[in-house]
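Coordinates in review
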Amino acid sequence: MALLYTQEQREFIRMVQEFADQTLTPEVVSKYDHLGQCPVELFKPAFDMGLHMLEIPEEYGGAGLPYSTTAMVFSKLAEYDAGYAITLVSTFVALRSVMLAGSADQARRFADIIEPGAFAAFALSESDAGTDAGSVKSTATRDGDDYILTGEKTFITNGSIANVYVGIFRTADTGNKGLSAFMIERSREGISVGAHEDKMGLRLSDTSTVNFDHVRVPASNRLGDEGAGFKVAMNSLNLSRAFVATLAAGIMQRALDESVSYARIRSQFKRPIIRFEAVQEMLADMAIALETSQVLIHNTMTMMDQGNLVRKEGAMTKTYVTDALQRVVTDAVQVFGGYGVSKAYPVEKLMRDSKVFQIFEGTNQIQRVTIANELDKEYAGKEVGR
Ligand SMILES: Cc1cc2nc3c(=O)[nH]c(=O)nc-3n(C[C@H](O)[C@H](O)[C@H](O)COP(=O)(O)OP(=O)(O)OC[C@H]3O[C@@H](n4cnc5c(N)ncnc54)[C@H](O)[C@@H]3O)c2cc1C
């Protein structure tokens, strides 16, 4: 993949690598993985470097990098720990969603909160509204110049550490069209966080329930029109899907690095196991999966840089890469043999970290539904025949 890097991209990646070598040492990552806790204090240097604002335009305090470069940087970070990386990705995707859906003033207010060094979260899911995101029950009731927000959001990445949320609430009883989006500052009365999810993987990422109990926000916090909330959510997911794939590719890279290195030094039958065809086949398939994933991600990111919505491409990229990741980490554990399931070796954690990638940002089942629906639209009225 190095051939696709520009000089600027190489420099950013080197900078991130140096930062991660110092901050996310194996001992530190292992400690927080064991605790199942987000290492909030370890984000200060990341904030100082502006890693949460890489793609955000300079006028809002960001670095103004293209999506394609931002993606490569986050992929590198995910090689160290994908939970740490997703904490930053969720923050910048929330701000980017506000920039897409809201006014320049709203984007500035949101940016002013996170730019000095704070987290943000996107709160859509509820206990009964997962894949069926349009069935959100939390309500936003108009009260003069304000809205009163009430409801519980579940499985929210950065839920307990965020200083600001983008939340989707029901303003009318008209299905998807009755949803509206709001920016909600954490300092508002009535917000509380519930239990932090004790997950099998991605344990450095905070996932929590967030409760909104009659939270009053001014109407100027509504993003876009009343009823535009579903669209805001879908546009945000288009972005975050592509970035989730990026993190998955980072885990894949790490799995390949660890597996090839191990296969070269581990000997059985008086020779390194990398000399056995069955092992070679696993390593080669891992490398093919990584290379194809990186090319697919680069293509989607370039399309995003050109202003495309990538509804189908984001779904295809997320599905392909995260499915491929499952095969890669399973084979990585296999290459390590018994040591693969030992916590003393690195691939056990990679396997635990990987599973959720097929689930969040829309499960891979529903991505396939989206892809097929887009194909249906594309082919409507198209004459096929040579
Ligand atoms: C670690 C983590 C972080 C998350 N972060 C966030 C966040 O920051 N913000 C947020 O809003 N949400 C977040 N989520 C929620 C996540 O988006 C949902 O878990 C996901 O959309 C699936 O919803 P569900 O868990 O309710 O599963 P369900 O919707 O109950 O799905 C269960 C199964 O049924 C299948 N299924 C359901 N409907 C269909 C259908 N129509 N066709 C085919 N198959 C179907 C699914 O694919 C799945 O296999 C997070 C989840 C996790 C685990």
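In this text, all values refer to a predicted model and were calculated from it rather than measured experimentally. (Residues numbered from 1 in each chain as written. Predicted model: local features only at pLDDT ≥ 70, side-chain atom pairs only at ≥ 80, totals over all residues. Heavy atoms only, no water.)

Moving on, we get to the UniProt feature "domain: Acyl-CoA oxidase/dehydrogenase middle" (unreviewed entry) in the protein chain. If you check UniProt for "domain: Acyl-CoA oxidase/dehydrogenase middle" (unreviewed entry), the listed places come out as residues 121–215 in our numbering. With 0% helix and 54% strand, the stretch residues 121–215 has end C-alpha atoms that lie 17 Å from each other. (UniProt positions renumbered as here; feature names shortened; annotations may be inferred. Helix = DSSP H or I, 4+ residues; strand = E, 2+ residues; numbered from the N terminus.)

Neighbouring the ligand are 17 residues, the closest being Phe 122, Ser 125, Thr 131, Phe 155 and Thr 363. Against a free-state accessible area of 970 Å², the protein chains account for coverage of 64% of the ligand. The set of elements that each furnish at least two residues to the shell around the ligand consists of strand 3 (146–157) and helix 11 (364–379). For the shell around the ligand, the leading source of residues is strand 3, giving three residues. Residues of the shell around the ligand, tallied by class, amount to eight nonpolar, seven polar and two charged. Taken together, domain 2 (120–230) and domain 3 (237–379) each give at least three residues to the shell around the ligand, which thus spans both. (Near = heavy atom within 4 Å. Areas by Shrake-Rupley, 256 points an atom, 1.4 Å probe, with all protein chains shown as cover. Nonpolar A, V, L, I, M, F, W, Y, C, P; charged D, E, K, R; others polar. Domains from an automatic or database assignment.)

Before going further, it helps to examine the packing of helix 8 (residues 277–305) against helix 9 (residues 311–335). Relative orientation of the contacting elements helix 8 and helix 9 amounts to 160°, with a least axis distance of 9 Å. Between helix 8 and helix 9, the angle falls in the class roughly antiparallel. Between helix 8 and helix 9 lies a crossing of left-handed hand. Across the interface between the two elements, Met 282, Leu 283, Met 286, Ala 289, Thr 292, Ser 293, Leu 296, Ile 297, Thr 300 and Met 303 from helix 8 touch Glu 313, Gly 314, Met 316, Thr 317, Tyr 320, Val 321, Ala 324, Val 328, Asp 331, Ala 332, Gln 334 and Val 335 from helix 9. When the residues that make up the contact of helix 8 with helix 9 are grouped by side-chain class, the tally is 14 nonpolar, six polar and two charged. (Axes fitted to C-alpha atoms, helices over the stretch in contact; angles between N-to-C directions. Parallel < 35°, antiparallel > 145°, perpendicular 65-115°, else oblique. Left-handed = near helix turned anticlockwise from the far one by under 90°. Contact = heavy atoms within 4.5 Å.)

Take the side chain of Lys 76 next. Tracing the backbone shows Lys 76 in helix 4 (residues 67–80). By relative accessible area, which is 14% here, Lys 76 ends up buried. When sequence neighbours within four positions are dropped, the list of residues in contact with Lys 76 reads Ile 13, Val 16 and Gln 17. (Buried < 20%, exposed > 50% of the residue type's maximum accessible area, 1.4 Å probe, protein only.)

Okay, the packing of helix 5 (residues 82–101) against helix 7 (residues 229–265) next. For the pair helix 5 and helix 7, interaxial distance at closest approach is 9 Å and the crossing angle is 155°. Judged on the interaxial angle alone, helix 7 and helix 5 are roughly antiparallel. When the axes of helix 5 and helix 7 are compared, the crossing they make is right-handed. Where helix 5 approaches helix 7, its residues Ala 82, Ala 85, Ile 86, Val 89, Phe 92, Val 93, Arg 96, Ser 97, Leu 100 and Ala 101 are matched on the opposing element by Val 232, Ser 236, Leu 239, Ser 240, Phe 243, Leu 247 and Ile 251. For the contact of helix 5 with helix 7, a count of residues per class yields 13 nonpolar, three polar and one charged.

Here we come to the UniProt feature "domain: Acyl-CoA dehydrogenase/oxidase C-terminal" (unreviewed entry) in the protein chain. UniProt's feature table lists "domain: Acyl-CoA dehydrogenase/oxidase C-terminal" (unreviewed entry) at residues 227–374, given in the numbering used throughout. End C-alpha atoms of residues 227–374 are separated by 23 Å, and the span's content is 74% helix alongside 3% strand.

If you check which residues of helix 2 (residues 26–35) are buried, you get Val 29, Tyr 32 and Asp 33. Buried residues along helix 2 cover an arc of 105° about the axis, so they all sit on one side. Looking at helix 2, the residues exposed on the side facing more than 90 degrees away from the buried face are Glu 27 and His 34. The elements touched by buried residues of helix 2 are helix 4 and helix 10 (347–354). (Arc of directions from axis to C-beta.)

Together, Leu 375, Tyr 379 and Val 384 give the surface a local cluster of nonpolar side chains, amounting to about 300 Å² of exposed area. Examined against the element boundaries, Tyr 379 turns out to sit in helix 11. (Patch = residues over 30% accessible without salt bridge, like charges linked within 9 Å, V, L, I, M, F, W, Y side chains within 5 Å. Salt bridge = Lys/Arg side-chain N within 4 Å of Asp/Glu carboxyl O.)

Scanning the entire structure with this criterion turns up 20 salt bridges. A salt bridge links Asp 81 to Lys 349, with the nearest nitrogen and oxygen atoms 2.5 Å apart. Placement of the pair is Asp 81 in the loop between helix 4 and helix 5 and Lys 349 in helix 10, with a sequence separation of 268 residues. Taking relative accessible area as the criterion, Asp 81 reaches 2% and is therefore assigned buried. Residue classification places Lys 349 among the buried residues on the basis of a relative accessible area of 12%.

So, about the domain arrangement of the protein chain. One frequently used descriptor of interface size is the decrease in accessible area upon assembly of the parts. Parsing the protein chain into structural domains produces domain 1 (7–118), domain 2 (120–230) and domain 3 (237–379). Placing the centre of domain 2 and that of domain 3 at their C-alpha centroids yields a distance of 31 Å. If you look at the interface, domain 2 gives six residues, while domain 3 gives nine residues. Summed over the shared surface of domain 2 and domain 3, the number is two residue pairs in polar contact (both at pLDDT 80 or more). Class assignment of the residues belonging to the side of domain 2 that touches domain 3 gives a composition of three nonpolar, two polar and one charged. (Polar contact = N/O pair within 3.5 Å; in protein donor to acceptor, adjacent residues only side chain to side chain.)

A few words now on the pairing of strand 2 (residues 139–143). Examined bridge by bridge, strand 2 and strand 3 share five bridges and lie antiparallel to one another. Considered in strand 3, the bridge of Ala 140 is made with Leu 149. Linkage of strand 2 to strand 3, two consecutive antiparallel strands, is achieved through a turn of two residues, within which Gly 144 is found at a positive phi near 65°. (Pairing = 2+ DSSP bridges.)

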